[in-house]
Amino acid sequence: MSTNQTSHHQMTFVQKYIFSTDHKVIGMQYMITGLIMAFLGGFLAYGFRMQLAFPGEAIPLLGKMTAGQYNEFITMHGTIMIFWVAMPVLLAALGNLLIPIMIGADDMAFPTLNMISYWVFFLSTVVLIASFFVPGGAFAGGWTAYPPLSANGYTAHGWSVGLGGNLWIIAVALEFVAFLIGGINFIVTTFNMRAPGLTWFRLPMMVWMMLSAVLIFMFAVGPLIAGAAMLLLDRTVGTGFYNPAAGGDPILFQHMFWFFGHPEVYVILLPTIGVLAEVMTTFARKPIFGYKMIIYATIGAGFLSFVVWAHHQFIAGIDPRMATFFSITTIMISIPFSLIIFASIATLWKSSITLSTPMLFALGFIGEFLIGGVTGIYLGSSAFDIYVHDTYFVIAHFHYALIPTVFFGGLAAIYFWFPKFIGRMYNETLGKVHFWLTTISFNLVFFPLFFSGMAGEHRRIFDYSMWKSLMTPEIMNIRIISTLALIVLFLSQFIFVFNMIKSALSGPKAEKNPWKSNTLEWQADSPPPHGNFAQTPVVHRGPYEYSVPGRSEDYWPQTSAN
Amino acid sequence: MGFLPPNVSSFGHHIDSLFWIITIIVGVAFIIAEGIFLYFIIKYRKKDGVKAEYVAGNVWSQTKWVLIPLAIVIALDFFVDIKTHTAWSEIKGGLPQNQDLKIRITGQQFSWAYTLPGADGQLDTDDDIKKTGELHVPADTNIVFDLEAKDVLHSWFVPALRLKQDAVPGRTIRGWFKVTQPGSYEVMCAEICGVGHTIMKSTMIAHSKEEFAQWVANGGSDTAPGAGGADPFADMAKNLFASGAGDAEKGKALVTAKACMACHNLDGSKTVGPTYKGLFGSKRTVTAGGQDKEVVADEAYLLRSIYEPGAEVVKGYPPAMPPQKGLVSEQEAKDIIEYLKTVK
Ligand SMILES: [Cu+2]
């Protein structure tokens, strides 16, 4: 596993930063692509929220919106945020950056495959963005792409068999190819390339969670790829998998979609739980509470996640007798995650907390995710779901689950490992301003939506003017507050961008281990060279030995012999 | 909670009480969890010379602090499940014994169509009453519906009934409800169904039993047949256009704003509804009361098409247009017609 350092000196710029096989560069490429897509997804949200708050008025930068465009915007917003932000940032970027270095390896098991993974992903991004510019516009049938609407070739600007929809399917499929390739790498690397002494129960939580996430992804994705292929065939060659007139069934797609779609939530959530463990132990100077308990809970949740999918379909026309089964499994899957959240809170007990920016985002995740979690109980109750399904209540709920996971978790990770991978410190004051603006505006965007959902505000409506019960002054105020807060949320992210760029160029140089952390990546240089470690590290203990009694230091790196 | 609309169905109280049960349970749990969480953050801030305590949480004396609350949460969750099961069984689990009225609901881009039995009480007979955009039902009656979809998924949603059910092409989904209060309630489509999803609206009008019986006897009209006399739309046209022409520019904006363009176009091709191209002044073949006839598309005709599209349905098209009464004012209709005159 030692690297040949000399051969790296002759690398050209292209080899080093574009077609690189270094896991860190690839991780960074995923990260930057994902973050750019996040701005695109956020901008789309700005567009449709403006239309809702000020229906029919010209929107700054966009002009007047049509109903078709509105559907296009909401569809692409969902697609981008899940598939082109959450997945690349949390899974691909963090996995690539962290797995090899946290297990003491010099790179991924298959570096070339890893490079191919990114470039397939890049291609998928290009295809997706191109779909905005084809005749008819991008796909507009909702990010869940339910047939028959999606099978009919419906796009934003008309009824022609839309190229936009075909490109959408192709882009999603390419993206999954990328993650499958990447996933294989994650698994093989974790199994085979751990440093001497790094047993399974000495692995950092981050690695455990990545491995679990990737395994769940790989088991779940098959049916969706099959489902998408059938959808593409229905659209292009006229098969009738989802067409009842030809003997097909539209609900089949829903099952395939959600068989993947629900586990997907955990594919995104688990990496954030990994981040949480690393950040919290470091800034609370304490071992994680119940390390093994959390790992077993995660494995249990992984299995359970395959038998909850139909809770998205309570009122879709499935056999009503199935509802109680899926209600029970859904409520059961809240158990391991409650355990993890409780254990995280317990980790804080008698700790010694420093509220640095990554810690703030990690704690913010816990505080906000709890709201997403408890509101899930309302939706898991099949009977109550009859009323709130497909309303803004659902929108509020899953944004309270996903934004803490993707943005709070992702940002905690970015701030935490920035000194390691960039080699410079970020600006702490700007980081804190970013945290508070993000947190406050995020709550103002989404909390009010629980109330409009309770009032019966249904989703994916372009203009509520014709709905008397949904045009009350209270609900209209909710729309305006939510939209204005969204603009603040969006603009606040530029503080982050500024901080990152400025600090990367001229921040103070970071030492090897600025947070006095235990795990292996902190033993490498900042930034680590190609190959990561000068010598393969040897591991002597678990990752969270903080404040061990009898030691003068309050941390104990995994590599210290004593 | 002020935001829940008043419930008018016999089973809606289950949903409303579930809301309160869940809110109380998770509310208390949530406040305790957040409270402890914030308390720890404040209490255990780093202090000079104070080290964190080494607590790994791997023995029962420690894990119990997590596992016991967890057990309580699980118990409460199952309590919610039991309540859920009761409510679900009544609403979706089966049909009531007495089924007093059977109706059919059909979702189509972009309107809800309703078929009710006529005086003979049977569906699929000659005297069926068909309405697009308006559902008339009697109060205090167990109503069983067959829900169908013609083209894509739709979802029949009546917030006041606390009822929602997807409509799926190729399937007939049976369900039921009972309205407890006469009145008029909004019906939505809760599943994205295309560019006109927004305008897929209809109204449920619940009559008292007697009023409803009268309505059926009149063949689906509030007034007895033949009571009206002269054509109201001819009068309306005369009054409206007496003061001069409308504003075609405004009309152009209106057909987009009111989402007419979801079903109509300007290029002469067939979509959900007929094209606007060359419409004004042309000869139309329409079906009215089961009979075909030819009419000229004048101002009165267009007004009727907008306000009572079901009265004269253009041949070759489904009666899919939602009536615009209450949605398009007379002045707006005038501007739209002025604009239609310009689309050649
Ligand atoms: Cu619909």
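The rules behind each value
Residues numbered from 1 in each chain as written. Chains lettered and ligands numbered in written order. Predicted model: local features only at pLDDT ≥ 70, side-chain atom pairs only at ≥ 80, totals over all residues. Heavy atoms only, no water. Helix = DSSP H or I, 4+ residues; strand = E, 2+ residues; numbered from the N terminus. Rg over C-alpha atoms; globule rule 2.2 N^0.38 Å. Buried < 20%, exposed > 50% of the residue type's maximum accessible area, 1.4 Å probe, protein only. Contact = heavy atoms within 4.5 Å. Areas by Shrake-Rupley, 256 points an atom, 1.4 Å probe, with all protein chains shown as cover. Lys, Arg positive; Asp, Glu negative; His and termini not counted. Charge placed at Lys NZ, Arg CZ, Asp CG, Glu CD. Buried area = accessible area lost by both parts, 1.4 Å probe. Salt bridge = Lys/Arg side-chain N within 4 Å of Asp/Glu carboxyl O. Pairing = 2+ DSSP bridges. Axes fitted to C-alpha atoms, helices over the stretch in contact; angles between N-to-C directions. Expected span 1.5 Å × (residues − 1). Polar contact = N/O pair within 3.5 Å; in protein donor to acceptor, adjacent residues only side chain to side chain. Core = buried A, V, L, I, M, F, W, Y, C linked by side-chain atoms within 4.5 Å. Phe/Tyr/Trp six-rings, centres within 6.5 Å; stacked < 30°, edge-to-face > 60°. Lys NZ or Arg CZ within 6 Å of the ring centre and 35° of its normal. Patch = residues over 30% accessible without salt bridge, like charges linked within 9 Å, V, L, I, M, F, W, Y side chains within 5 Å. pLDDT = per-residue confidence, 0-100. Parallel < 35°, antiparallel > 145°, perpendicular 65-115°, else oblique. Left-handed = near helix turned anticlockwise from the far one by under 90°. Nonpolar A, V, L, I, M, F, W, Y, C, P; charged D, E, K, R; others polar.

### Notes on the overall build of chain B
Each helix and strand counted, chain B has 7 helices and 13 strands in total. In summary, chain B has a C-alpha radius of gyration of 28 Å against a globular reference of 20 Å for 344 residues, an excess of more than 25%. Seen along its three principal axes, the alpha-carbon backbone of chain B occupies a region of about 90 × 55 × 35 Å. When burial is assessed residue by residue, chain B has 51% of its 344 residues classed as buried. Long-range contacts, defined as pairs at least 24 residues apart, comprise 63% of the intrachain contacts of chain B with a sequence gap of at least 6. Counting only carbon and sulfur atoms, one obtains 57% of the accessible surface of chain B, whose full area is about 15,900 Å². The average position of the 35 basic charges and that of the 39 acidic charges among the side chains of chain B differ by 7 Å.

### Observations regarding unusual backbone geometry
A cis geometry characterises the amide bond from Ser526(A) onward to Pro527(A), with omega recorded as -10 degrees. Structurally, Pro527(A) is set in the segment after helix H14 (473-506). Of note, the amide linkage connecting Gln109(B) to Phe110(B) takes the cis form, showing an omega dihedral of -5 degrees. Structurally, Phe110(B) can be placed in the loop between strand E1 (101-108) and strand E2 (111-116). Positive phi is not limited to glycine here, since Arg285(A) has a value of about 50 degrees. Along the chain, Arg285(A) falls in the loop between helix H7 (250-284) and helix H8 (291-304). One non-glycine residue, Asp140(B), lies in the positive phi region at around 50 degrees. Here Asp140(B) shows up in the loop between strand E4 (134-138) and strand E5 (143-149).

### Quick word on the interface of chain A and chain B
Put simply, an interface is often sized by how much accessible area is lost when its parts join up. With 101 residues of chain A at the contact, the number on the chain B side is 83 residues. Carbon and sulfur atoms supply 71% of the area that chain A and chain B bury against each other, a total of about 7,800 Å² over both sides. Of all residues in chain A, Ile386(A), Tyr387(A) and Met466(A) bury the most surface against chain B, accounting for 9% of the area lost on that side. Scanning the region where chain A abuts chain B turns up 2 salt bridges. Where Arg171(B) meets Asp249(A), a salt bridge forms, and the shortest distance between an N and an O atom there is 2.5 Å.

### Some points on the sheet that holds strand E3 (residues 129-132) of chain B
Pairing between sheet strands relies on hydrogen bonds along the backbone, with the strands arranged either parallel or antiparallel. Residues and elements named next belong to chain B. Across the sheet, which stays open at both edges, the 5 strands sit in the order E3-E2-E1-E5-E8 with mixed pairing between neighbours. Looking along the sheet, the strands with just one partner apiece sit at the ends: E3 and strand E8 (173-177). On average, each strand axis in the sheet is tilted by 25 degrees relative to the strand beside it, whichever way the strands run. The pairing of E1 with E5 spans 7 bridges and is parallel. Looking across to E5, one finds that Leu101 is bridged to Ile143.

### A short note on helix H9 (residues 322-347) of chain A
Spanning 26 residues, H9(A) covers 39 Å between terminal C-alpha atoms, matching the ideal 38 Å at 1.5 Å per step. A large share of H9(A) lies buried, amounting to 22 of its 26 residues.

### With respect to the pattern of salt bridges
All names here are of chain B. Overall, the coordinates contain 17 salt bridges over all chains when judged by the stated rule. For Glu312, the salt bridge identified is with Lys293, shortest N-O distance 3.1 Å. Linking Glu312 in the loop between helix H6 (299-307) and strand E13 (313-314) with Lys293 in strand E12 (residues 291-296), this pair joins segments that are 19 residues apart in sequence. The exposure class of Lys293 is partly exposed, given its relative accessible area of 37%. Where salt bridges share partners, they join Arg104, Asp124 and Glu148 into one cluster.

### Some points on helix H13 (residues 428-454) of chain A
All names here are of chain A. With 27 residues, H13 should cover 39 Å at 1.5 Å per step; its first-to-last C-alpha distance of 40 Å lies within 8% of that length. The backbone nitrogen of Thr429 lies 2.9 Å from a side-chain oxygen of the residue at the head of H13, namely Asn427. In the segment just after H13, Gly456 is the residue with positive phi, at about 100 degrees.

### Observations concerning the nonpolar core
Counting 277 residues, the largest nonpolar core has Leu348(A), Met359(A), Trp417(A), Trp112(B), Trp156(B), Phe177(B) and Met204(B) as the members making the most contacts within it. One finds Val255(B), Cys260(B), Tyr307(B) and Leu340(B) within the second-largest nonpolar core, a separate group that totals 28 residues.

### Looking at the packing of aromatic side chains
All names here are of chain A. Evaluated as defined, the whole model comprises 80 aromatic pairs over all chains. Ring centres of Phe83 and Trp84 lie 6.4 Å apart, and the angle between their planes is 90 degrees; on these two criteria the pair is classed as edge-to-face. Seen in terms of ring centroids, Phe361 and Phe435 are 5.1 Å apart; in terms of plane orientation they differ by 90 degrees. Their pairing is edge-to-face. Of this pair, Phe361 sits in helix H10 (residues 357-380) while Phe435 sits in helix H13; the two residues are 74 residues apart in sequence, bridging distant segments of the chain. Under the relative-accessibility criterion, Phe361 is labelled buried at 0%. It is Lys292 that lies over the ring of Phe201; its NZ or CZ is 4.6 Å from the centre.

### With respect to the side chain of Asn499(A)
The residue Asn499(A) is located in helix H14 in this model. Ignoring any residue separated from it by four or fewer positions in sequence, one finds Asn499(A) in contact with Tyr415(A), Tyr426(A), Asn427(A), Leu430(A) and Gly431(A).

### Quick notes on the environment of Ala178(A)
Residues and elements named next belong to chain A. Relative to the elements of secondary structure, Ala178 occurs in helix H5 (residues 163-192). Judged by its relative accessible area of 0%, Ala178 falls in the buried class. Put simply, Ala178 and Ile501 are 323 residues apart on the chain and 28 Å apart in space, counted from C-alpha to C-alpha. If we skip the residues at most four places from it in the chain, Ala178 touches Tyr30, Ser117, Val120 and Phe121.

### Comments concerning a nonpolar patch on the surface
Taken together, Phe13(A), Val14(A), Tyr17(A), Ile18(A) and Phe19(A) make up a surface patch of nonpolar side chains, about 490 Å² in accessible area. When you line up the elements, Ile18(A) lands in helix H1 (residues 13-18).

### Description of the confidence of the model for chain B
Residues and elements named next belong to chain B. When pLDDT is averaged along chain B, the result is 88; 97% of the residues meet or exceed 70. By mean pLDDT, helix H4 (residues 232-242) is the weakest element of chain B at 85, and strand E6 (residues 154-158) is the strongest at 96. Overall fold confidence for the complex sits at a pTM of 0.89, while the interface term, ipTM, reaches 0.91.

### Comments concerning the sheet that holds strand E7 (residues 163-167) of chain B
Residues and elements named next belong to chain B. Read across the sheet, 5 strands follow the order E4-E10-E9-E6-E7 without closing on themselves; strand pairing throughout is mixed. If you trace the sheet from one side to the other, it starts and ends with E4 and E7, each paired once. Going from strand to strand, the sheet's axes swing by 25 degrees on average, the running direction of each strand aside. Alignment of strand E9 (residues 183-189) against strand E10 (residues 202-207), held across 5 bridges, turns out to be antiparallel. When the sheet's bridge partners are listed, Glu186 is paired in E10 with Thr203. Taken strand by strand, helix H3 (residues 209-217) contacts E4 and E10, and its axis lies near 125 degrees from that of E4.

### Quick look at the pairing of E2(B)
All names here are of chain B. Within E2, 6 of the 6 residues are buried, which leaves the element mostly enclosed by the surrounding structure. Burial along E2 is two-sided: Ser111, Ala113 and Thr115 and Trp112, Tyr114 and Leu116, pointing in opposite directions, are all buried. The pairing of E1 with E2 spans 5 bridges and is antiparallel. Note that in E2 the partner of Arg104 across the bridge is Thr115. Where E1 folds back onto E2 in an antiparallel hairpin, the turn is made up of 2 residues. Bridge analysis of E2 against E3 gives 4 bridges, and the strand direction is antiparallel. Its bridge partner being in E3, Tyr114 is matched across the sheet by Lys131.

### Section: the packing of helix H12 (residues 392-422) of chain A against H14(A)
All names here are of chain A. Interhelical geometry of H12 versus H14 gives an angle of 10 degrees and a closest axis separation of 11 Å. Relative to H14, the element H12 is oriented roughly parallel. Across the interface between the two elements, Leu411, Ile414, Tyr415, Phe418 and Ile422 of H12 pack against Gln493, Phe496, Asn499, Met500, Ser503 and Ala504 of H14.

### Observations concerning the packing of H12(A) against H13(A)
Residue and element names in this part refer to chain A. The contact between H12 and H13 brings their axes to 8 Å, and the two run at 170 degrees. Taken together, the axes of H12 and H13 lie roughly antiparallel to each other. H13 is crossed by H12, and the crossing has left-handed handedness. Within the contact of H12 with H13, the residues separate by chemical class into 17 nonpolar, 9 polar and no charged.

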